[in-house]
Each structure stands twice: as C-alpha cells, then as structure tokens.
Amino acid sequence: MALITPVTSISPYSALIPLLLICVTVYVGVQIFNFKNSPYLTAGKRLLVADYALVVAVGVGAFVGSYCFHNIKLTKFVVNETKPLFQLVQFQQPPIMAVLAAIGLGFVVSFLFFMEGNISASIVNKPSNKLKKGSSFHYDMLVTGVINAILSVFCLPWLHGALPHSPLHVRALADIEEHIENGHVTETIVYVRETRLTTLVAHLFIGASVLIIPKPLDMIPIPVLYGLFVFLAVTSLGELQIWERFVLIFTEQSLYPPFHYVRKVPQ
C-alpha cells in the first residue's frame, strides 16, 4: 500500500503539503543567504554562494514538491497553449459606464505605482548608499508610464519600481565593509557600481523565460513561489531600522548594539 495517497478536496494534505513547501523554500534560502556570515571559504566565495540562495531554494522546493510528493495534487502553472503568447488588444467601443470604471481603477493603480515608485527611489537614493549619479523621480515616472502604455497594447503585465527588489539590486552592486564595535557587526557601503546593464540583462532573461513554458515551468508548484516571496521579505528585514528598533523591545539593555538612535534616545 502506498504511503501517500492522492489528495482529495477534503484531505488535510491540501493545506499541509503547501505549507511544508513554503517552509522548506524559506529555510533553504535563508540558510544559504546567511552563509556569507559563516567562517568558511573566503569572503568573495561566501558572497557568491549567498547570491544563489534564491535559485537553490526554488530548485529544492520544486524537487520536493514534484518528486517527493508526486502523488499529492499541488497547484501548478496552467498554460493555455491554444492561445498565442503575444496578442494585440482588440479595441472596441465600450459603454460609458465601462469607461468610467476604467478611469477609477486606472487612478487607483496609478496612485499605487506613484507611491511605490517614489518609496523605492527614496530608499535606493538614501545617503548611506553613496550613489553619485543624481536621482530623477519625475523622469522615472514618465518612462514607466510610456512603457506601461506600450505593454498594455500587447496584453503584457506592467512594471514599476518595487520593494524589496530595487534596494536589493543596489546592494548586489555594492562593495560592503564590515565593522565590529562592542561585539556587534555593522555593514557600511563603500562603493556602488551604478550601471543599467545588470537590469537590462536581468529583464532579457525574464523575457527568455517564455522558452520554458510549459516545460519545465509547470514542474514548480505555486507554494514554492509563495515561499520565494516570504524569503525576499525575511532577508530584507535586516536592513530596516523599524525592524531593528522592534527587536530592541525584546533585547536586554546592556546588550543593545551601538546604533546612533540608541545613544541619542533616553532609555
């Protein structure tokens, strides 16, 4: 008799296995990401291993979901191969109520893009990153709007400045020095390679992802992607002052790290 029976609509496996895959993906990704803080290998090799934490985590999660639980029915990508990948929008004369509804929804989406784009730009251009090229908030919004208008014609998803991808990209291009003060390790950005080549290559690879549809993309369970998003959120917490201040609530005062706000704010 098989150890694992096929899942049914009322089976507890329908919730347990996806939760397990999320935890496996996050755990593997965080452990490899924190390898840069270990004493093994050299600093450059530790950073190289940590850079592939996301890829390895997705690979391990996909293997566990597709092979270890192959008898369990998991949610995966559904691709309609009868429709073309790129198709122009079929323009037509909509009723006046549809136009008004589209204007309302468009305003909400534009406001979201405006807020998240400016927040991302503010975090990226903060003084501690030591960027030399000037910021161009209005120019960024103009370029984003033009590109999204073109993408809309081809029924493609929109793009905008997003968290935590934008700050993580700056950090990936930076030279970072570690300083030890009173037993606490702090990181300081020394230099950032300001180039658009990395984003161009990354988006070319994103475009090339259509070549892996439907195989092997349909081998990656959807819970693994949920774990990927959780991994991005967890790894970005360490750079937020609000998280550092939250942790201080549960930290003994004698063990407070030498942050500037700890010295200035009375305890």
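Residues numbered from 1 in each chain as written. Predicted model: local features only at pLDDT ≥ 70, side-chain atom pairs only at ≥ 80, totals over all residues. Heavy atoms only, no water.

Draft legend 1. The arrangement of helix H8 (residues 222-236) in detail. Between the first and last C-alpha of H8 there are 22 Å, a value that for 15 residues agrees with the 21 Å anticipated at 1.5 Å per step. Ile222, Pro223, Val224, Leu225, Gly227, Leu228, Phe231, Leu232, Thr235 and Ser236 are the residues of H8 that are buried. (Helix = DSSP H or I, 4+ residues; strand = E, 2+ residues; numbered from the N terminus. Expected span 1.5 Å × (residues − 1). Buried < 20%, exposed > 50% of the residue type's maximum accessible area, 1.4 Å probe, protein only.)

Draft legend 2. Representation of the packing of helix H3 (residues 53-68) against H8 in the model. In the contact formed by H3 and H8, the axes pass within 10 Å of each other and the chain directions differ by 150°. In terms of axis orientation, H3 runs roughly antiparallel to H8. For the crossing formed where H3 meets H8, the hand is right-handed. On H8, the residues touching Ala53, Leu54, Val58, Gly61 and Ala62 of H3 are Val224, Leu228, Phe231 and Leu232. Per-class residue counts for the contact of H3 with H8 are eight nonpolar, one polar and no charged. (Axes fitted to C-alpha atoms, helices over the stretch in contact; angles between N-to-C directions. Parallel < 35°, antiparallel > 145°, perpendicular 65-115°, else oblique. Left-handed = near helix turned anticlockwise from the far one by under 90°. Contact = heavy atoms within 4.5 Å. Nonpolar A, V, L, I, M, F, W, Y, C, P; charged D, E, K, R; others polar.)

Draft legend 3. Broad picture of the side chain of Thr25. Here Thr25 is to be found in helix H1 (residues 13-33). Within the structure, the side chain of Thr25 is placed 2.8 Å from the backbone oxygen of Leu21, a separation counted as a polar contact. (Polar contact = N/O pair within 3.5 Å; in protein donor to acceptor, adjacent residues only side chain to side chain.)

Draft legend 4. Representation of the packing of helix H4 (residues 96-124) against helix H6 (residues 165-172) within the structure. Between H4 and H6, the least distance of the axes is 9 Å, while the angle of their chain directions is 25°. Considered as vectors, H4 and H6 are oriented roughly parallel to each other. Pair H4 / H6 crosses with right-handed handedness. Facing Ser120, Ile123 and Val124 of H4, the residues of H6 in contact are Ser166, Pro167 and Val170. Along the lines of polarity and charge, the residues of the contact of H4 with H6 split into four nonpolar, two polar and no charged.

None of the figures reported here should be taken as evidence of function without further support.
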